[in-house]
Amino acid sequence: MSQSLNNVIKQAEQIILGKPQQIRLALTCLLARGHLLIEDLPGVGKTTLAHVLACTLGLQFQRIQFTSDLLPADILGVSVYQRDSEKFEFHPGPIFAQMILADEVNRATPKAQSALLEAMEEQQVTIEGLTRPLPAPFFVIATQNPSYQVGTFPLPESQLDRFLMRIQMGYPDAQAERGLLSGVDRREIISRLTPQMESSELLALQQRVKAVFVSPALLDYVQAILRHTRESARYTHGLSPRAGLALLSAARAWALLDERDTVIPEDVQAVLPGVVNHRLQATGEHQHQSNGTLARELIEAVAIP
Amino acid sequence: MSKSVIYGLLLSILMVIAPHANHLPAWVSSLCVALLLWRSYLTHSGNPLPKHWLLTLLTFACLGGIAISFHTLFGREAAVTLLILMVALKFMELRTARDVMVLIYLSCFIVITNFFYSQSIPTALYMLATLLAVVTTWIHLYAQNIALKPRLRIATALLLQAIPLTLILFVLFPRIQGPLWGLPQDAFASSGLDDRMSPGSLSRLSLSDAVAFRVSYAGKPPAREQMYWRGPVLWQFDGRTWIPGNTAYSVAPQFTELDQAIDYTVTLEPHNKTWLFMLDMPNKISVPSSLTHDFQVLSKTPVNSRLRYEARSHLVSHANLREANWQIQRALQLPPTLNPKALQLAATWRDNGANDAAVVRSALAYLNQQGFQYTLEPPLLPGANSIDDFLFTSKKGFCEHYASAFVFLMRAAHIPARVVTGYQGGEFNYIGNYYIVRQSDAHAWAEVWLSGQGWVRVDPTAVIAPARVQTNVAAAVPASETAALPFITRMTSNPPAWLSNLRLNWDILGFRWNQWVLGYNTERQFAFLTSLGMENITWQNMSIIMTTGIWLVIGLFALFMLRHLFANQPDKVQAAWLGLCRKLAKSGLPRAAHEGAQDYAARIAAARPELADTIRDLAARYSALRYGAVRDEQAQREFLQRAAALKI
């Protein structure tokens, strides 16, 4: 197992106290070449997580603050007429970076949101007829306030599907909070961080994720999960095949983080809440249950074959 | 309860009770429709169901109505009506899934009651369709999010799965004969020959195309004009009506056959009388019966279910060459003062000193030459001297008129004679190679007793309208009258080929249905099982085989449905792991079905630290073997050994 990956985790855990699970999930998402949506209240460390990951992994980092007057051009970039060369010259927007933090993505209008989401999907942007590839690795962490807050444009289901995972930060436990309150200012520490990995190394790891072995027995398990969501009356609609693929690739990445070259059911169970929470919706009577319970129930309802 | 379930149920119940509208009192049918409409309105509008007291009141009103309509609450008609009304009323308090189940069971029961009234193939097919509707509704009740098409598919599959069970039950269920198992006595509508004949009784019968019986000949069938199916023999005449007269004479008839025997099989439709029709003259029959002195074959009990018998007859024979004197006297009986002109006519034939045979010839010649007409609609002859009126005034009649007048003339000329009624001819089903004899083939003819020859058949109708005995009624009566005849009788004279093929094929289907489905009685069951090679057929044995067969079929279906359990047989590694889990479960730490090996091992390790290393090792090995890329025989053996060696 890559020593540098361990270092990355260790360094991140020193700064983001008491959230090892979230750090691992975020890394899983990154290794599986997916994008991450973090949904929680302001001030629980969403931005810090993104920042720390970018710095530790040595990725170019850009932050886009989404507001209601944000335009697609603010994300993608614009061509500006240059008087001296008498030509239009393209000024790339903040999207041209290896790690993007799309802060409060549900504050912006759907038009601006879709500009980001299309770039995420295609790994390239087309401006004025010219297609420009985005750098690799390309990883978006979008944060979102829970949509019951005033003045937001909640992402529709189809766009939520673009995110491999949606996780929640949650409040830190008492001990972690103590450390947070008594410690040095986080921003100061981040500025002093040293990258623990080359971006080429990260790309190689992403390749290794694809090679993690999935046995027929495990596929049986994943299919049993998908089937259950489709047959059960608890969900408005079952998981799509794409959700199944997402579940598998996340499980692969999780297995790699766990220093294994095969996926076991525990890997699937570990990533399942993150992967399915934003893809499943409970029917009428179960609607008000929190998402965590829904995933927990799904895990417990499906026996490992 | 979703609205669509209620609508589906309404529709299936409507389908189930619709055929009953035929015989239900009009007020019942309208009340049912009104109740169902009311229920669908309430469902549509979402208004509350009627109050309990109102329903109670309605129920008692219905009971009263039935009591008034039928004068009873019991018996087939009243009970079926009651059942249907109760179903319609049950709808008005349909609230829970349990109520729907009650209605579904009841509608299955009503499906059966339809067979009290008709057991034809179309009825059976229709009932199958209603059953499909009922089952589809039933499925809908439990799986409301399945669309109509897959629901129908499931229902069809269910019904198809029921076929083997149905067949086993049908073939093997012991047919116990008795009132408990049979249909009610009045289940079969009956029409047919009567034991009395007056002008108009046969021409009325010829308007019916109902089948009287079907005949298949073992060898070559006789000529059509020889097919006289003997029924009631009538001796006594009061000037208008012929009746059998004194039947208490129990001397066996004498019979000498003069030609080859004709063997045939008759399938007689129920007619609620005791006659078993056989060709003139009857010799042998395969069912218990008695042969009267005047060659009527009588069954022991009225034929009220379809009866099949094999019989043998002789077309040429000497019957009762020596007849007792008082029988001769019976055959000469006449109402003394009536019909003087006819008496006189008969006397003129005798005057020349002619013998009996010559008198018969003269009479036939007279009928042939005096412009008599064969017609379905003869004028009514209400006068006391109806024979005179017929012979000398109207000269128009149907076979009963001719038979009656002829026998009268013979008796007037002192020749013993009697009237024989029955059927003549029949339609040949060339596809199924059998004859269909219908009520429209009903006929009456005469028999005279000639010394040295015994009783001889004389058919005056054959002299006047030869087409009647050679073809059928439709060919014999004037063209203007054929419109009154039943469609089928008319069609047989000159049908388009495709139509007659269709009709004859349909008749064959009905014939087989009657023989093999409706007529599958104890004897047929016995014969069928014997032909399958079964020996020692008792109802105990049949029950054992039936029960075994049913369990076998259910078992096969169960195996088929549970096949995935066998397909996913755990391999050795998994079996060992599951065994391990069972061992641990006994020590109070069962694995949850969804718990992965590593998670489980961690839990065990926490609870039983002394096992921690072993169990972690085993879990890791299991995970690697089950989910790993390489199949390592060595590693598998090691794991199996260690798993077996684990002591808790």
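**Student:** Could you clarify how one ought to interpret the overall build of chain A in this entry?
**Tutor:** Scanning chain A for helices and strands turns up 13 helices and nine strands. A globule of 305 residues ought to have a C-alpha radius of gyration of about 19 Å, and chain A, at 20 Å, matches this closely. For chain A, the residues scored as buried account for 51% of the 305 residues in total. Looking at chain A alone, contacts between residues at least 24 apart form 78% of all its contacts between residues at least 6 apart. Counting only carbon and sulfur atoms, one obtains 51% of the accessible surface of chain A, whose full area is about 14,100 Å². In chain A, which carries 27 positive and 32 negative side-chain charges, the distance between the mean positions of the two groups comes to 1 Å.

**Student:** How do you make sense of a nonpolar patch on the surface when you look at a structure like this?
**Tutor:** Together, Tyr105(B), Trp138(B) and Tyr142(B) line one region of the surface with nonpolar side chains, adding up to about 380 Å² of accessible area. Examined against the element boundaries, Tyr142(B) turns out to sit in helix α6 (residues 121-142).

**Student:** For this particular structure, what's the right way to read the nonpolar core?
**Tutor:** Where a protein is soluble and globular, its nonpolar side chains tend to be buried together. If you look at the biggest cluster of nonpolar residues, it comprises 78 residues, and the most contacted ones within it are Leu31(A), Leu36(A), Ile141(A), Met165(A), Val268(A) and Val271(A). Both domains that furnish three or more residues to this core are identified here as domain 1 (3-69 + 95-197) and domain 2 (212-301) of chain A. In contact with Met165(A), not counting residues within four places along its chain, are Leu25(A), Thr28(A), Cys29(A), His35(A), Leu36(A), Leu37(A), Ala250(A), Val271(A), Gly274(A), Val275(A) and His278(A). Counting 75 residues, the second largest nonpolar core, distinct from the first, contains Phe237(B), Leu345(B), Ala412(B) and Ala476(B).

**Student:** So what exactly am I meant to see when it comes to the interface of chain B and chain A here?
**Tutor:** Size of an interface: often given as the accessible area lost when the parts come together. On the chain A side, the residues contacting the 13 residues of chain B number 17 residues. Buried surface at the junction of chain B and chain A, both sides included, amounts to about 1,300 Å², of which 57% is carbon and sulfur. Area buried by chain B at its contact with chain A is led by His594(B), Arg626(B) and Tyr627(B), which between them contribute 54% of it. At the boundary of chain B and chain A, one finds zero salt bridges. Here chain B and chain A share five residue pairs in polar contact (both at pLDDT 80 or more) between them. A per-class count over the side of chain B that touches chain A returns four nonpolar, six polar and three charged.

Reading the values: the criteria
- Residues numbered from 1 in each chain as written.
- Chains lettered and ligands numbered in written order.
- Predicted model: local features only at pLDDT ≥ 70, side-chain atom pairs only at ≥ 80, totals over all residues.
- Heavy atoms only, no water.
- Helix = DSSP H or I, 4+ residues; strand = E, 2+ residues; numbered from the N terminus.
- Rg over C-alpha atoms; globule rule 2.2 N^0.38 Å.
- Buried < 20%, exposed > 50% of the residue type's maximum accessible area, 1.4 Å probe, protein only.
- Contact = heavy atoms within 4.5 Å.
- Areas by Shrake-Rupley, 256 points an atom, 1.4 Å probe, with all protein chains shown as cover.
- Lys, Arg positive; Asp, Glu negative; His and termini not counted.
- Charge placed at Lys NZ, Arg CZ, Asp CG, Glu CD.
- Patch = residues over 30% accessible without salt bridge, like charges linked within 9 Å, V, L, I, M, F, W, Y side chains within 5 Å.
- Salt bridge = Lys/Arg side-chain N within 4 Å of Asp/Glu carboxyl O.
- Core = buried A, V, L, I, M, F, W, Y, C linked by side-chain atoms within 4.5 Å.
- Domains from an automatic or database assignment.
- Buried area = accessible area lost by both parts, 1.4 Å probe.
- Polar contact = N/O pair within 3.5 Å; in protein donor to acceptor, adjacent residues only side chain to side chain.
- Nonpolar A, V, L, I, M, F, W, Y, C, P; charged D, E, K, R; others polar.

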